[in-house]
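# Observations on chain architecture
The primary structure of each chain is shown beneath.
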Amino acid sequence: MVLFESGAIVLHLARHHPGLLPVQGDARARAVAWIFAALNTLEPPIVECTMSLLFERERPWFAERQPMLDQRVRDRLQQLSDRLGCDEWLDGSFGAGDLMMVTVLRRLESTHLLDAFPDLLAYIARGEARPAYRQAFTDQLAVFETASSATKPTADR
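What counts, and where the lines are drawn
Residues numbered from 1 in each chain as written. Predicted model: local features only at pLDDT ≥ 70, side-chain atom pairs only at ≥ 80, totals over all residues. Heavy atoms only, no water. Helix = DSSP H or I, 4+ residues; strand = E, 2+ residues; numbered from the N terminus. Buried < 20%, exposed > 50% of the residue type's maximum accessible area, 1.4 Å probe, protein only. Contact = heavy atoms within 4.5 Å. Areas by Shrake-Rupley, 256 points an atom, 1.4 Å probe, with all protein chains shown as cover. Lys, Arg positive; Asp, Glu negative; His and termini not counted. Charge placed at Lys NZ, Arg CZ, Asp CG, Glu CD. Phe/Tyr/Trp six-rings, centres within 6.5 Å; stacked < 30°, edge-to-face > 60°. Lys NZ or Arg CZ within 6 Å of the ring centre and 35° of its normal. Expected span 1.5 Å × (residues − 1). 1 Å grid on protein atoms, 1.4 Å probe; cavity = no way out; pocket = protein on both sides within 12 Å on 5 of 7 lines; lining within 4 Å. Points joined across faces, edges and corners; volume = space filled by probe spheres on them. Nonpolar A, V, L, I, M, F, W, Y, C, P; charged D, E, K, R; others polar.

To continue, consider the overall build of the protein chain. The helix and strand inventory of the protein chain stands at six helices and zero strands. Starting at the N terminus and walking to the C terminus, you meet the elements of the protein chain as α-α-α-α-α-α. Expressed as a percentage of its 157 residues, the buried residues of the protein chain come to 34%. Relative to all contacts within the protein chain whose residues are 6 or more apart in sequence, the contacts with residues 24 or more apart total 64%. Accessible surface, the protein chain as shown: approximately 10,100 Å² in total, 58% of it carbon and sulfur. Across the protein chain, 17 positive and 21 negative side-chain charges occur, with their mean positions spaced 3 Å apart.

The structure is reproduced here in structure tokens:
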């Protein structure tokens, strides 16, 4: 089977691998909701903000627009921070929603928007420290590096 869209992939894996989705119905629904929240509530303003930083810096309206984009992200981060509180994970134990949320939040690494949220920085660090996360990241990097080396010109080409 070939799937596209990260949320669909994570949801499929979570449904087939114990521990990523709770068994109990209400908790399972909340875990799925966190997947969607990461992709539909947090990711859009994060992408708009980071794309502006990358591609619109030279535009005459950048200086006026960027603070508004930053604030949209900060508002979402504050909501997430408030929800997380002192908890390690979004809804009890680590789950698919946390996996997706950590992945989305990592898009902000090149900004300073997370600096005001030490709890979210710690949350990301906990997610990245998980052995399965480290292994998946290593495996994905290997695929990327293999594909990149296959497309690099060599002296023989």
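Resuming the write-up.
A full pass over the atoms with the stated rule returns three aromatic pairs. Between the aromatic rings of Trp-89 and Phe-94, the centroid separation amounts to 5.0 Å while the plane-to-plane angle is 80°, which identifies the pairing as edge-to-face. Taking 6.4 Å as the distance between ring centres and 15° as the angle between the ring planes, the aromatic pair formed by Tyr-133 and Phe-137 counts as stacked. Here Tyr-133 and its partner Phe-137 are both found in helix H6 (residues 131–151), four residues apart, which amounts to about one turn of the helix. Among the residues examined, Tyr-133 registers a relative accessible area of 14% and is labelled buried. Looking at Phe-137, the relative accessible area reads 37%, which means it is partly exposed. Through a chain of ring-to-ring contacts, three or more aromatic side chains come together here, namely Trp-89, Phe-94 and Tyr-123. Over the aromatic face of Trp-89 sits the side chain of Arg-126, whose NZ or CZ is 5.6 Å from the ring centroid.

In a regular helix each residue adds 1.5 Å, so 23 residues correspond to 33 Å; helix H3 (residues 62–84) covers 32 Å between its end C-alpha atoms and thus fits that length. Within the sequence span of H3, burial applies to Phe-62, Gln-66, Leu-69, Asp-70, Val-73, Leu-77, Leu-80, Ser-81 and Leu-84. Gly-85 occupies a position one or two residues after H3 and carries a positive phi of about 55°.

The next subject is the layout of surface pockets. The space that makes up the largest pocket amounts to roughly 670 Å³. Those elements giving two or more residues to the lining of the largest pocket turn out to be helix H1 (6–16), helix H4 (96–105) and H6. In terms of residue count, H6 provides more of the lining of the largest pocket than any other element does, five residues in total. The residue makeup of the lining of the largest pocket, split by class, is 12 nonpolar, four polar and four charged. Roughly 160 Å³ of volume is contained in the second largest pocket. What lines the second largest pocket is simply Thr-50, Met-51, Leu-53, Leu-54, Arg-57, Arg-107 and Ser-110. Each residue belonging to the lining of the second largest pocket can be placed in one class, and the counts come to three nonpolar, two polar and two charged.

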